[in-house]
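Listed here are the chains, written in short residue letters.
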Amino acid sequence: MKYVDEFRDPEKARTLLKEINELVEKIDICKKRPLAIMEVCGGHTHSIFRYGIEGMLPKEIELVHGPGCPVCVLPMGRVDDCVALAEQPNMIFTTFGDAMRVPGSKKSLLQAKADGADVRMVYSPLDALDLARDNRDKEVVFFGLGFETTMPSTALTVLRAQADGIKNFSLFCNHITIIPTVKAILDSPDMKIDGFLGPGHVSMVIGTKPYEFIANHYKRPLVVAGFEPLDVLHSVWMVLKQIDEGRSEIENQYVRIVPDEGNDEALNAVSKVFELREFFEWRGLGSIDHSGVRMREEYADFDAERKFSVPNIKIADPKSCQCGEVLKGVIKPFECKVFGKACTPEMPLGALMVSSEGACAAYYQFGDPDRLRELEEV
Amino acid sequence: MCLGIPGQIIEITDEARKLAMVDVSGVHREINMACVVNDDHRLNDCIGDWVLVHVGFAMSRINEEEAALTLKVLEELGEAQEEIAAMRASGQM
Ligand code: SF4
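None of the values given here were measured: they were computed from a predicted structure. (Residues numbered from 1 in each chain as written. Chains lettered and ligands numbered in written order. Predicted model: local features only at pLDDT ≥ 70, side-chain atom pairs only at ≥ 80, totals over all residues. Heavy atoms only, no water.)

**Q** Would you take a moment to explain the overall build of chain B for this structure?
**A** Helix and strand content of chain B: one helix and five strands. Going residue by residue from the N terminus, the α and β elements of chain B occur as β-β-β-β-β-α. Here the C-alpha atoms of chain B give a radius of gyration of 20 Å, more than 25% beyond the 12 Å that 2.2 N^0.38 yields for 93 residues. For the C-alpha atoms alone, the extent of chain B along its principal axes is close to 70 × 30 × 20 Å. Residue burial in chain B is summarised as follows: out of 93 residues, 44% are buried. Within chain B, contacts between residues at least 6 apart in sequence are counted, and of these 41% link residues at least 24 apart. By element, 50% of the accessible surface of chain B is carried by carbon and sulfur atoms, the whole surface being about 5000 Å². Distance from the positive charge centre (7 side chains) to the negative charge centre (17 side chains) of chain B: 7 Å. (Helix = DSSP H or I, 4+ residues; strand = E, 2+ residues; numbered from the N terminus. Rg over C-alpha atoms; globule rule 2.2 N^0.38 Å. Buried < 20%, exposed > 50% of the residue type's maximum accessible area, 1.4 Å probe, protein only. Contact = heavy atoms within 4.5 Å. Areas by Shrake-Rupley, 256 points an atom, 1.4 Å probe, with all protein chains shown as cover. Lys, Arg positive; Asp, Glu negative; His and termini not counted. Charge placed at Lys NZ, Arg CZ, Asp CG, Glu CD.)

**Q** When you look at the overall build of chain A in this model, what are you seeing that I'm missing?
**A** In terms of helices and strands, chain A carries 17 helices and 13 strands. For chain A, whose C-alpha radius of gyration is 21 Å, the value lies close to the compact-globule estimate of 21 Å for 378 residues. Along the first, second and third principal axes, the C-alpha set of chain A runs to 65 × 45 × 40 Å. Going through the 378 residues of chain A one by one, you find that 60% of them count as buried. Long-range contacts, defined here as pairs at least 24 residues apart, represent 77% of the contacts in chain A between residues at least 6 apart. When the accessible surface of chain A is summed, it comes to about 14800 Å², and 51% of that surface belongs to carbon and sulfur atoms.

**Q** How should I be thinking about the site of the ligand in this particular structure?
**A** All names here are of chain A. Near the ligand you find Cys-321, Gln-322, Cys-323, Val-326, Cys-336, Val-338, Phe-339, Cys-343, Gly-350, Leu-352, Met-353 and Cys-360, and these make up its full shell. At a threshold of 2 Å from the grid points, most atoms of the ligand map onto the largest cavity. Residue classes in the shell around the ligand are distributed as 10 nonpolar, two polar and no charged. (Near = heavy atom within 4 Å. 1 Å grid on protein atoms, 1.4 Å probe; cavity = no way out; pocket = protein on both sides within 12 Å on 5 of 7 lines; lining within 4 Å. Sits in = over half its atoms within 2 Å of the grid points. Nonpolar A, V, L, I, M, F, W, Y, C, P; charged D, E, K, R; others polar.)

**Q** Just checking my understanding: could you explain the pattern of salt bridges for this structure?
**A** All chains considered together, the criterion is met by 33 salt bridges over all chains. In this structure, Asp244(A) and Lys26(A) form a salt bridge, with 3.1 Å as the shortest nitrogen-oxygen distance. One end of the pair, Asp244(A), is in helix H12 (residues 229-244); the other, Lys26(A), is in helix H1 (residues 10-26), and 218 residues separate them in sequence. When its relative accessible area of 26% is taken as the criterion, Asp244(A) is described as partly exposed. Residue Lys26(A) is classed as exposed on the basis of its relative accessible area of 53%. Look at the salt bridges and you will find they share partners, linking Asp130(A), Arg133(A), Arg160(A), Asp164(A), Asp14(B) and Arg17(B) into a network. (Salt bridge = Lys/Arg side-chain N within 4 Å of Asp/Glu carboxyl O.)

**Q** Can you help me understand the interface of chain B and chain A in this one?
**A** Reports often express the size of an interface as the amount of accessible area lost when the parts come together. The interface of chain B with chain A comprises 38 residues on the first partner and 48 residues on the second. Together chain B and chain A conceal approximately 4000 Å² of surface at their shared face, both sides included; 67% is due to carbon and sulfur atoms. The tally of links between chain B and chain A comes to three salt bridges. Here Lys12(A) makes a salt bridge to Glu75(B), at a shortest N to O gap of 3.3 Å. Taken together, the links from chain B to chain A amount to nine residue pairs in polar contact (both at pLDDT 80 or more). Among the elements of the structure, strand S1 (5-14), strand S3 (27-32), strand S4 (50-54), strand S5 (57-61) and helix H1 (64-92) of chain B are those that each provide at least two residues to the side of chain B that touches chain A. (Buried area = accessible area lost by both parts, 1.4 Å probe. Polar contact = N/O pair within 3.5 Å; in protein donor to acceptor, adjacent residues only side chain to side chain.)

**Q** Help me understand the environment of Val140(A) in this model?
**A** Residue and element names in this part refer to chain A. Structurally, Val-140 can be placed in strand S5 (residues 139-146). For the pair Val-140 and Gln-111, spaced 29 residues apart in sequence, the C-alpha separation works out to 19 Å. Ignoring sequence-local partners within four residues, the contact set of Val-140 consists of Ile-92, Thr-94, Ala-128, Leu-131, Ala-132, Asn-168, Phe-169 and Ser-170.

**Q** Would you take a moment to explain the pairing of S3(B) for this structure?
**A** All names here are of chain B. Here six bridges tie strand S2 (residues 19-24) to S3, and the two strands are oriented antiparallel to one another. Looking at the pairing, Val-24 lines up with Val-27 of S3. Turn length for the S2-S3 hairpin, with the two strands adjacent in sequence and antiparallel, is two residues, and the turn residue Ser-25 shows positive phi of about 45 degrees. (Pairing = 2+ DSSP bridges.)

**Q** Teacher, can you tell me more about empty space enclosed by the protein here?
**A** Taking a probe equal in size to a water molecule and rolling it over the atoms shows the remaining empty space. Residues and elements named next belong to chain A. What the rule picks out here adds up to four cavities of 30 Å³ or more. Counted as a void, the largest cavity has a volume near 100 Å³. Along the walls of the largest cavity sit 14 residues, with Cys-323, Cys-336, Val-338, Cys-343 and Cys-360 positioned nearest its centre. For the lining of the largest cavity, the class distribution of residues is 12 nonpolar, two polar and no charged. (Points joined across faces, edges and corners; volume = space filled by probe spheres on them.)

**Q** Quick question: what am I supposed to make of the nonpolar core here?
**A** One recurring pattern in soluble globular proteins: nonpolar side chains tend to sit buried together. Core analysis: the biggest nonpolar cluster contains 146 residues, and Phe93(A), Phe169(A), Leu240(A) and Phe274(A) have the highest contact counts within it. The element contributing the most residues to this core is H12(A), with nine residues. Leave out the neighbours within four places in its chain, and Leu240(A) touches Ile20(A), Leu23(A), Val24(A), Ile27(A), Leu35(A), Ile37(A) and Ile61(A). Residues Ile12(B), Val22(B), Val53(B) and Ala58(B) belong to the second largest nonpolar core, which totals 14 residues. (Core = buried A, V, L, I, M, F, W, Y, C linked by side-chain atoms within 4.5 Å.)

Shape descriptors only; they carry no functional weight alone.
Right under this line is the structure:
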C-alpha cells in the first residue's frame, strides 16, 4: 500500500532513535525529570502501543496519552441515551463498532442488542443512509461521534439525506471539537505537558492554523504527526528539536496528508449542518465550554435529539474511576485503583478500557513499557 | 476509529452524487469524493489518485511530492549520522 511500508523502515527508525537520544542528552529538563509529550489523538496512542514505540524511546521521554479517543470520552449518560433510542419501537440504531461496548449506567449498546434492540454496526454513515432507503417503514438513527475527522462525513450524509428526501433517517449528534479540549488540558492546574503531537486526521480537516495559540500563548511546541512508526518518531524528534532550540512553534510532519490550510470542502459541509453547543459533557473531564456541536435548526428533521425524546440525564462517573486523571496525564493507567481488578477489557468500568484506542486497554493488552524496559535493563 | 487507509481511485461511479470506486489492497468499495474535488481538481481528474479513505469518504488526496520530501529528510538524517560518525572516528584517530 502506498506510503505505508516506506514509513515502517527499521533502518530509518534506528537513525531517528539515535538522533532522539542525542537531543535528549542536550536538553536540560531531561536531566531533572522526564520530558512529557502528549499525543492528543487516540490513533497515535494505538500506533504507539502497536509498534512498541514507548519502549524504544529513552526513559527521559514520557508519552502522555491524551483525550483524543472520542469513544473514551463519551459520558455514561450519552450511552444511556443511545440505548433509549435503540429501544424505541420500529427503530434501527446504527453505530461504528467502537461504540458498541462502551458501558452505560445500565447497559451497553451490545447488551441492548442482546436484549432485542435492532442495533447494527456500520462502516460508514452512508451505509446507515442506505439502510434507511431500504427500510422506509422504519426509523434509522446514526450515532455520530468523533472529532473534526468524522464531522464532514456525517454532515455530508445529512445533506445527502435531505437532497434525496429520505425522511426516516436522522443523526444522534455527539461530535466534539479538538481545540477547546486541548485548551482545557492546558488550563488545568495539574498540567505538566512540555510538547504535543498534534492529531493527524483532525488536522487534515481543520489545518494547522487553529493550533497557533498553543505555541504563542502557552509556549508549547506542537507537531502534527502521521500514524506510521517513522511518522511518530520523526514528530517526537521535531518536538525535541524545538525544545532544544528554545522554540515553540506549530509544525507539520504529516504534509503528505495535511495541508496547512485544511480542507475547505469538508469545513463548508460541517459549518452548514452543525453549530457549537454552549458546553458538552466529557467522561472524566467534566463539562467543557463549546467543546461539542449540535445540528442547526434547518436540519431539525434529521436531528434524532429533536425528533425523538432523548432522556439526556447526567450520570456521574463511578467514584472509583480515575479516567479523568489518566486522560490528563496526571497518572498512568496502571496507577488507577481499579485497573486490571474491577476494570478490565471484559468488564470495563471506564471507557479507556473499552476502545482499542484507549490508554487503559492498550496498557492492559501490551503491558507497561516502562516496566518492560526495567525488566530488560536488569 | 480515526485512522484512515490509503486507496487508489479506479472508477467514477456516480457523477451527480460524487461517488467513485476505490481499491484498497484489492478490496473495492464505493466512496464519497465530495471532500477532495473542487474547481481545480474535478471528479474526472481523480482516476488514479491516491486518497486517504475514512469511514466511506475520501478525506485527503495524498501528496506524493510531500511524501517523497519527508522520506528524503529522513534519508538525509541517516546520511548526516553516518558523516558525524565518520568525523568522530577520524577525530579520535
Ligand atoms: S482502569 Fe478503568 S476506571 Fe481506571 S482509568 Fe482506566 S478505564 Fe478508567
